[in-house]
Amino acid sequence: MSAQPAGAAAAGHGEPGPQESGPGEPLDRFEALVAAGEAVEPRDWMPDGYRRMMIRQIAQHAHSEIIGMQPEGAWLTRAPSLHRKSVLIAKVQDEAGHGLYLYSAAETLGVDRAELLDALHRGQQRASATFNHPALTWADTGTIAWLTDGAAVINQAPLCRTSYGPYARAMRRVCQEEAFHVRQGYDLMRALCEGTPEQKAMAQDAVNRWWLPAVALMFGPPDTEAGGADARTAALGAAVSRRAMAWGIKRHTNDELRGRFVDACVPQAERLGLTLPDPAIRWNEERGHYDFTPVDWDVYRQALGEETHWARQRIAHRLAAHEEGAWVREAAAAYAARAQAGEPPVAQAAGASGPGRTEERA
Ligand SMILES: CC(C)(COP(=O)(O)OP(=O)(O)OC[C@H]1O[C@@H](n2cnc3c(N)ncnc32)[C@H](O)[C@@H]1OP(=O)(O)O)[C@@H](O)C(=O)NCCC(=O)NCCSC(=O)Cc1ccccc1
């Protein structure tokens, strides 16, 4: 990948003309732009490190959206009513849409989405490990939407002001939709909590299993550099995090956002009559926030659940869907090529001979 994408010519805020690109000058302009809170646009000059960091974050985010469809998607055929089923279909479809906006945003940095998907499939890039956990009961769908989408909104609302323009703009729409998902998740939990004792117990069980993945993994590693066995990695992560703050990619530290999430969830759980599975949660009058068990680096690494059955399952399922969808991509490319050449579309519908979704996979 080059420092600038192909065709990055004379547009954008900080683009230096040939006569004014003295040593250090583009970087000074870039830093002044970020310091002024203005958006960096695709054709602006940007340091290679910024471009790499942005691609890595947007790609991981896009991968998380599409992998995150799987736990809830597993319940589409088993929703308890037509109403709940149609809501869940719309919710899962929204997550696919978020992935698409984000892959498009990444492409403005000079990478191709096929390359990014390939990196996900080969294990070179990751999706959020939050989704390396199974959705065991119907209550998991409500819990994921309430807690995981709730964490996503708190983590991502500040990203609406992140320094890279296309990412910030994608985030505005994503956050509006995620906020709606949280409400439907809360509504589903309320219905279960006001239902039979078995339904309430099912809701509590789902919260017990999803609390740690949400509170730990959705906000990233703890801020502290004093990790356990993996202290060097932790220190490196903290340095990367500081760089991301300096470049306006992140606006708050991971632990600040985690604290906001706990503050939002505790009263909601109380209203539902559910217990968040952390005995350290209690109101701290002096700080004006809830205390909770800090996430430590070792717990974090363990919760990532790398190399577990569910981590492998998520990628295997994704890969199978990608391979089965190859004919759709080929048909779309052929259609686009004909349209570009001014030829009419082939009469036979592209999907007519394609494979349907198998019974087993459904
Ligand atoms: C919070 C974090 C994801 C990570 O924090 P940072 O401070 O940047 O951590 P840092 O990268 O320094 O860590 C070092 C290494 O550890 C890795 N690693 C870290 N954490 C994880 C992890 N959890 N899982 C796996 N790996 C993780 C990380 O890649 C790196 O490894 P590398 O060196 O690359 O090999 C941050 O990047 C962010 O805010 N991203 C934007 C938002 C976003 O992407 N949200 C995603 C969910 S959207 C959603 O869910 C919507 C939805 C809801 C419901 C249903 C369906 C969909």
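Residues numbered from 1 in each chain as written. Predicted model: local features only at pLDDT ≥ 70, side-chain atom pairs only at ≥ 80, totals over all residues. Heavy atoms only, no water.

A closer look at the site of the ligand
In the neighbourhood of the ligand, 31 residues make up the surrounding shell, with Arg 56, Gln 60, Ala 129, Lys 250 and Tyr 300 lying closest. The contact in question runs from an oxygen atom of the ligand to an N or O atom on the side chain of Arg 126, over 2.8 Å. Between a nitrogen atom of the ligand and a main-chain N or O atom of Leu 217, the distance comes to 2.9 Å. Look at the ligand: alone it shows 1,100 Å² of surface, and the protein chains cover 87% of it. Those elements giving two or more residues to the shell around the ligand turn out to be helix H2 (48-67), helix H4 (82-107), helix H6 (138-156) and helix H7 (165-193). Its residues assigned to classes, the shell around the ligand comprises 11 nonpolar, 11 polar and 9 charged. (Near = heavy atom within 4 Å. Polar contact = N/O pair within 3.5 Å; in protein donor to acceptor, adjacent residues only side chain to side chain. Areas by Shrake-Rupley, 256 points an atom, 1.4 Å probe, with all protein chains shown as cover. Helix = DSSP H or I, 4+ residues; strand = E, 2+ residues; numbered from the N terminus. Nonpolar A, V, L, I, M, F, W, Y, C, P; charged D, E, K, R; others polar.)

Some points on the confidence of the model for the chain
In this model, the chain carries an average pLDDT of 87, and 85% of its residues clear a pLDDT of 70 or more. Note that residues 1-23 has pLDDT below 50 and, in this model, 44 contacts with residues that lie over four places away or in other chains. In the predicted structure, residues 354-362 sits below a pLDDT of 50 and forms 7 contacts with residues beyond four places in sequence or in another chain. Interface scoring of the predicted complex returns ipTM 0.92; its pTM is 0.87. (pLDDT = per-residue confidence, 0-100. Contact = heavy atoms within 4.5 Å.)

Let's talk about the pattern of salt bridges
One pass over the full model with this rule turns up 16 salt bridges. Residue Glu 95 is joined to Lys 91 by a salt bridge in which the shortest nitrogen-to-oxygen separation is 2.8 Å. Linking Glu 95 with Lys 91, this pair stays in helix H4, spanning 4 residues, or about one helical turn. When its relative accessible area of 2% is taken as the criterion, Lys 91 is described as buried. In this structure, Asp 187 and Arg 190 form a salt bridge, with 2.5 Å as the shortest nitrogen-oxygen distance. (Salt bridge = Lys/Arg side-chain N within 4 Å of Asp/Glu carboxyl O. Buried < 20%, exposed > 50% of the residue type's maximum accessible area, 1.4 Å probe, protein only.)

Observations concerning helix H8 (residues 197-217)
With 21 residues, H8 should cover 30 Å at 1.5 Å per step; its first-to-last C-alpha distance of 30 Å lies within 8% of that length. The axis of H8 is deflected most strongly, by about 40 degrees, at Trp 210, and proline Pro 213 appears within four residues downstream. On its buried side, H8 packs onto H6, H7, helix H10 (254-272) and helix H11 (297-303). (Expected span 1.5 Å × (residues − 1). Bend = angle between axes of the 7 residues up to and from the residue.)

A look at the environment of Ala 62
For Ala 62, the position within the fold is in helix H2. Considered as a pair, Ala 62 and Pro 80 are 18 residues apart in the sequence and their alpha carbons are 30 Å apart. For Ala 62, the contacting residues outside a window of four places in its chain are Gly 99, Leu 102 and Tyr 103.

Remarks on the environment of Leu 147
Tracing the chain through its elements places Leu 147 in helix H6. Remark: the alpha-carbon pair of Leu 147 and Ala 264, spanning 117 residues in sequence, is separated by 10 Å.

Overview of the packing of H7 against H10
Taken N-terminus to C-terminus, the directions of H7 and H10 make an angle of 35 degrees; their axes are 10 Å apart at the nearest point. Residues Tyr 186, Met 189, Arg 190 and Cys 193 of H7 touch H10, and the partners they reach there are Gln 268, Arg 271 and Leu 272. (Axes fitted to C-alpha atoms, helices over the stretch in contact; angles between N-to-C directions.)

A look at the nonpolar core
Counting residues in hydrophobic clusters, the biggest one holds 40 residues, and the most contacted among them are Trp 146, Trp 211, Phe 261, Leu 274 and Leu 276. At the level of elements, H4, H6, H7, H8 and H10 are the ones that each hand at least two residues to this core. Looking at this core element by element, the count peaks at 9 residues for H6. For Trp 211, the residues in contact, after removing those within four places along its chain, are Leu 147, Phe 261, Val 262, Cys 265, Leu 276, Pro 277, Asp 278 and Ile 281. (Core = buried A, V, L, I, M, F, W, Y, C linked by side-chain atoms within 4.5 Å.)

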